[in-house]
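Below are the chains, spelled out letter by letter.
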Amino acid sequence: MLAIEAVPAFSDNYIWLLRDSGSRRCFVVDPGDAAPVLAVLARDQLELAGVLITHHHFDHVGGLPDLVAHSDPVVYGPRNPAIAGITRPLQAGARVTVLDHEFTVMAVPGHTLDHIAYYHAGSDRQPPLLFCGDTLFAGGCGRIFEGTAPQMYASLAALAALPGATRVYCAHEYTQANLRFARAAEPDNEDLIRREAEVAATRERGAPTVPSELAQERATNPFLRCEEPALVAALRRQGKWHGEKPAEVFAALRSWKDEF
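Let us look at the structure shown here. Computed from a predicted structure; not experimentally measured.

Concerning the packing of aromatic side chains
Link 1 in the chain: Using the criterion set out here, one finds 10 aromatic pairs in the structure.
Link 2 in the chain: Ring centres of Phe 103 and Phe 131 lie 6.0 Å apart, and the angle between their planes is 45 degrees; on these two criteria the pair is classed as tilted. Remark: Phe 131 occurs in strand E10 (residues 129–133) and Phe 103 occurs in strand E8 (residues 101–107); sequence separation between them is 28 residues. This pair shows no difference in class: Phe 103 is buried, exactly as Phe 131 is.
Link 3 in the chain: With a centroid separation of 4.9 Å and an interplanar angle of 25 degrees, the aromatic rings of Phe 131 and Tyr 169 are classed as stacked. With Phe 131 in strand E10 and Tyr 169 in strand E13 (residues 167–170), this pair connects stretches of sequence that are 38 residues apart.

What about the environment of Pro 36?
Link 1 in the chain: When you line up the elements, Pro 36 lands in helix H1 (residues 34–44).
Link 2 in the chain: The buried category is assigned to Pro 36, whose relative accessible area is 18%.
Link 3 in the chain: Considered as a pair, Pro 36 and Leu 17 are 19 residues apart in the sequence and their alpha carbons are 11 Å apart.
Link 4 in the chain: Among residues more than four places away in sequence, those in contact with Pro 36 are Val 7, Pro 8, Ala 9 and Ile 15.

Focus on helix H8 (residues 229–237)
Link 1 in the chain: What H8 keeps buried is the set Leu 231, Val 232, Ala 234 and Leu 235. All buried residues of H8 project into a common sector of 160 degrees when viewed along the axis, lining one side. Opposite its buried face, H8 presents the exposed residues Pro 229 and Arg 237, each directed more than 90 degrees away.
Link 2 in the chain: On its buried face, H8 sits against helix H5 (175–185) and helix H9 (246–258).
Link 3 in the chain: After H8 finishes, the residue Gly 239 shows a positive phi value of roughly 70 degrees.

Section: the pairing of strand E2 (residues 13–20)
For a regular strand, the rule is simple: side chains alternate between the two faces of the sheet.
Link 1 in the chain: With seven of eight residues buried, E2 is to be regarded as a mostly interior element.
Link 2 in the chain: Of the strand pairs in this sheet, strand E1 (residues 2–9) and E2 are connected by eight bridges, and their pairing is antiparallel. In the strand pairing of E2, Ala 9 is matched with Asn 13.
Link 3 in the chain: Counting the residues in the hairpin turn of E1 and E2 gives three residues, including Phe 10, whose phi is positive at 55 degrees.
Link 4 in the chain: When E2 meets strand E3 (residues 25–29), the two strands line up antiparallel, connected through four bridges. Residue pairing across strands places Leu 17 opposite Val 28, the latter belonging to E3.

Concerning the sheet that holds strand E7 (residues 95–98)
Link 1 in the chain: With mixed pairing, the six strands of this open sheet are ordered in space as E7-E8-E9-E10-E13-E14. The open sheet is flanked by E7 and strand E14 (212–213), the only strands paired with a single partner.
Link 2 in the chain: In the sheet, strand E9 (residues 116–120) pairs with E10 via three bridges, with the strands oriented antiparallel. Within E10, the position partnered with Tyr 118 by the bridge is Phe 131.

Some words on the side chain of His 115
Link 1 in the chain: Among the structural elements, His 115 can be located in the loop between E8 and E9.
Link 2 in the chain: Leave out the neighbours within four places in its chain, and His 115 touches Thr 54, His 55, Met 106, Ala 107, Val 108, Pro 109, Cys 132, Gly 133, Asp 134 and Thr 135.

Here we look at the environment of Leu 156
Link 1 in the chain: In this fold, Leu 156 is placed in helix H4 (residues 149–160).
Link 2 in the chain: On a C-alpha basis, the gap between Leu 156 and Leu 17 in space is 24 Å, while along the polypeptide they are 139 residues apart.
Link 3 in the chain: With near-sequence residues (within four places) excluded, Leu 156 lies in contact with Thr 135, Leu 136, Cys 141, Phe 223, Leu 224 and Phe 250.

Calculation criteria
- Residues numbered from 1 in each chain as written.
- Predicted model: local features only at pLDDT ≥ 70, side-chain atom pairs only at ≥ 80, totals over all residues.
- Heavy atoms only, no water.
- Phe/Tyr/Trp six-rings, centres within 6.5 Å; stacked < 30°, edge-to-face > 60°.
- Helix = DSSP H or I, 4+ residues; strand = E, 2+ residues; numbered from the N terminus.
- Buried < 20%, exposed > 50% of the residue type's maximum accessible area, 1.4 Å probe, protein only.
- Contact = heavy atoms within 4.5 Å.
- Arc of directions from axis to C-beta.
- Pairing = 2+ DSSP bridges.

Below is the structure:
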C-alpha cells in the first residue's frame, strides 16, 4: 500500500510524496520547490526514484532542476518541451508504474493545455487515487488560463466519472475559499454546510483539508454539479445566467468565481 505525505511548499502548495512500505524509494508529485523535498529525503533517508508532473506552471516544476541534480530520478510529465527535465513524456491513456502501482494518464486540459492527471484504480488494500494538479480542487476547480470553458468542463466531467471512493490529491490548500463560493452558489446544500464546518475545524487544527473523496466532491463542489437547479437559480439571482446546457452553467460559475 502506498503511503502518501503532504509536503507543504510556498504559501499554499502541496507536493505529494509517495512511498511503499518496506522500501526507501519514493516518488513526488509536482515539486515546485526542491528544498522541502530534499529535507524529507534527508530526514527519512529516502531515495527519490521518480517525479510526476501534471502541468508546466512554475509552482509545479520549479524544483525539478535541483531534484534531478541531486537524485537523477525518472521524470514523467506532459509532452511539453517547455518543461525542462522530463525524461518520459506522456499522452492520454499511457500507463506509469509508480513503486509497483500502475497509474493511468488522463488528459485534463483547461487550466493549461498540457495538463494531465494520474489515476490509480485501487485494490483490496488501496483506495483509488487521483493526482489532479490544478484541474480539480477540494470544493472547486482551477482557473482557465490557456484552455476554454468547454475543455475544462469536459475534463472535470471525466474526473467526476471516476469511482466515488477515489481519493483526490489536488495541489493547493484552497478549500475554505472554495467552499465560501460554493455556499454562495448553493446555500441550502446540507452536505456543503456540514463540509464547511468540518473544514473550518480542520484548518483551526492546522491540518490539511486534502485529500478529499470524489463522492464528497460530487455532493458539494459546484463545478461538478452543473445540472443542479439550485445552481441555475443562484446564477439567475446574480444576473449571470447565460444558457441552458451544463457546460454553459459551468462557464457562468467559473466566471462568477473569478470575481468572487
